[in-house]
Amino acid sequence: MAAPIGSEIERLIQLLARLPGLGPRSARRAALHLIRKREALLVPLADALKLAAERITVCPICNNVDTRAPCGICEDERRDKSLLVVVADVGDLWALERAGTLRARYHVLGGTLSPLDGIGPKELGIERLVARVAEGEIKEVVLALNATVDGQTTAHYITDALAPLSIKVTRLAHGVPVGGELDYLDEGTLAAALRARTAM
Ligand code: ZN
C-alpha cells in the first residue's frame, strides 16, 4: 500500500518539525502552506536556504555568523573599537543591534557556563576572549549576559579572568523593563532594580 503522503513531502514535514517552536502538527500546516505557495514562498525559501548553507560562516574574531569572515560588524570601521560587548548567543547580538544604542563590537561565547551540561571555560573559549582583550585596543568590556544563575556565574568568571588586564568591566543594569509595572515584577527583578537605582 502506498503511503498517504509522498516521501519527499514527509521528509519536508519531518525537517520542519525540528525547528524550535514547531511540533509535528504545525510542521504539517507549514509544509502545506509552502506547497500551496510554491512560486511565492517555497521556491524563494529553497533558494535562500541553499545560499545560506553555502555561504554562512562563523566569524573567526567574534563568533558571529555572516556570509563573510571577518563579519560585517568586525569590519565596520565606524564602530567604537574600545568597547566590546560579550553575549552568550548570536540571538542576543541581534537583539542588542535591534536596540541600536551601542556602536560596539561583540564577542559571542556560544553559551554560558553550565558544569552539569559539560560546558566549561574551555568550551566557551574564554581564553580566546581574554587574549582578544589583551591586545590592548579594548578599554571596556560589557557583559550582556542573561540574568540567570548560569549567566551570572559566567559574568563573574569572565570578570575574574579579565582582572589582571585592569580594564573596565561592566554589565547590563537589571531592572524595571521600559513600560513595566512594578506590581507585575518578580521580587528578584525588583530587588535588582533597587540595587541599581540611579540619581534623578
Ligand atoms: Zn566578527
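Figured I'd write up the structure that's included with this text.

Conventions adopted
- Residues numbered from 1 in each chain as written.
- Predicted model: local features only at pLDDT ≥ 70, side-chain atom pairs only at ≥ 80, totals over all residues.
- Heavy atoms only, no water.
- Pairing = 2+ DSSP bridges.
- Helix = DSSP H or I, 4+ residues; strand = E, 2+ residues; numbered from the N terminus.
- Axes fitted to C-alpha atoms, helices over the stretch in contact; angles between N-to-C directions.
- Contact = heavy atoms within 4.5 Å.
- Donors = N, O, S within 2.8 Å, 3.2 Å for Na, K, Ca; no water.
- Tetrahedral: all angles 85-135°; square planar, octahedral: opposite > 155°, others 65-115°.
- Buried < 20%, exposed > 50% of the residue type's maximum accessible area, 1.4 Å probe, protein only.
- Right-handed = clockwise from strand over helix to strand, strands pointing away.
- Expected span 1.5 Å × (residues − 1).
- Arc of directions from axis to C-beta.
- Patch = residues over 30% accessible without salt bridge, like charges linked within 9 Å, V, L, I, M, F, W, Y side chains within 5 Å.
- Areas by Shrake-Rupley, 256 points an atom, 1.4 Å probe, with all protein chains shown as cover.
- Salt bridge = Lys/Arg side-chain N within 4 Å of Asp/Glu carboxyl O.

Now for the sheet that holds strand S5 (residues 140-143). As a general point, the strands of a sheet are linked pairwise by backbone hydrogen bonds and lie either parallel or antiparallel. Taking strand neighbours across the sheet as the criterion, the four strands line up as S4-S3-S5-S6 in an open arrangement whose pairing is parallel. The open sheet has two free edges, formed respectively by strand S4 (105-108) and strand S6 (168-171), since each of these has just one partner strand. With direction set aside, neighbouring strand axes in the sheet form an average angle of 25°. In this structure, strand S3 (residues 83-87) lies alongside S4, joined through four bridges in parallel fashion. Among the inter-strand pairings, Val86 is bridged to a residue of S4, identified as His107. Packed on one face of the sheet, helix H8 (residues 149-162) meets S3, S5 and S6 and runs near 165° to S5.

This part takes up the coordination of the zinc ion. Those protein atoms acting as donors to the zinc ion are Cys59 (SG), Cys62 (SG), Cys71 (SG) and Cys74 (SG), and they sit at 2.3 to 2.4 Å. In this structure, the zinc ion is surrounded by four donor atoms whose angles at the metal cover 102 to 115°, and the resulting shape is tetrahedral. Each donor residue of the zinc ion lies on one chain, and together they are spaced C-x2-C-x8-C-x2-C. Note on accessibility: Cys71 and Cys74 belong to one class, buried.

Pairing geometry for S5 and S6, over four bridges, is parallel. For Val141, the partnering residue across the bridge sits in S6 and is Val169. Taken together, S5, H8 and S6 form a β-α-β motif whose crossover is right-handed.

Over its 14 residues, H8 extends 20 Å from the first C-alpha to the last, a length consistent with the 20 Å expected when each residue adds 1.5 Å. Among the residues of H8, Gly151, Gln152, Thr154, Ala155, Ile158 and Leu162 are the ones counted as buried. In an axial view of H8, the angular spread of the buried residues amounts to 155°, which keeps them on one side of the axis. Seen from the open side of H8, the exposed residues pointing more than 90 degrees away from its buried face are Val149, His156 and Asp160. Looking at the buried residues of H8, the elements they touch are S3, helix H6 (121-124), helix H7 (126-134), S5 and S6.

Turning to the pairing of S5, a few remarks are in order. Here S5 shows no split at all, with Glu140 and Val142 on one side and Val141 and Leu143 on the other all buried. Bridge analysis of S3 against S5 gives four bridges, and the strand direction is parallel. Counterpart to Val85 in the pairing with S5 is Val142.

To continue, consider a nonpolar patch on the surface. A surface patch of nonpolar side chains, amounting to about 380 Å² of accessible area, comprises Ile56, Val58, Val65 and Trp94. For Val65, the position within the fold is in strand S2 (residues 65-66).

With that settled, consider unusual backbone geometry. In this structure, Pro70 follows Ala69 across a cis peptide bond, with omega equal to -5°. Within the secondary structure layout, Pro70 lies in the loop between S2 and helix H4 (72-75). Despite not being glycine, Asn63 has its phi angle at roughly 70°, a positive value. Following the sequence through the fold, Asn63 ends up in the loop between strand S1 (57-58) and S2. When its relative accessible area of 19% is taken as the criterion, Asn63 is described as buried. Despite not being glycine, Ser166 has its phi angle at roughly 40°, a positive value.

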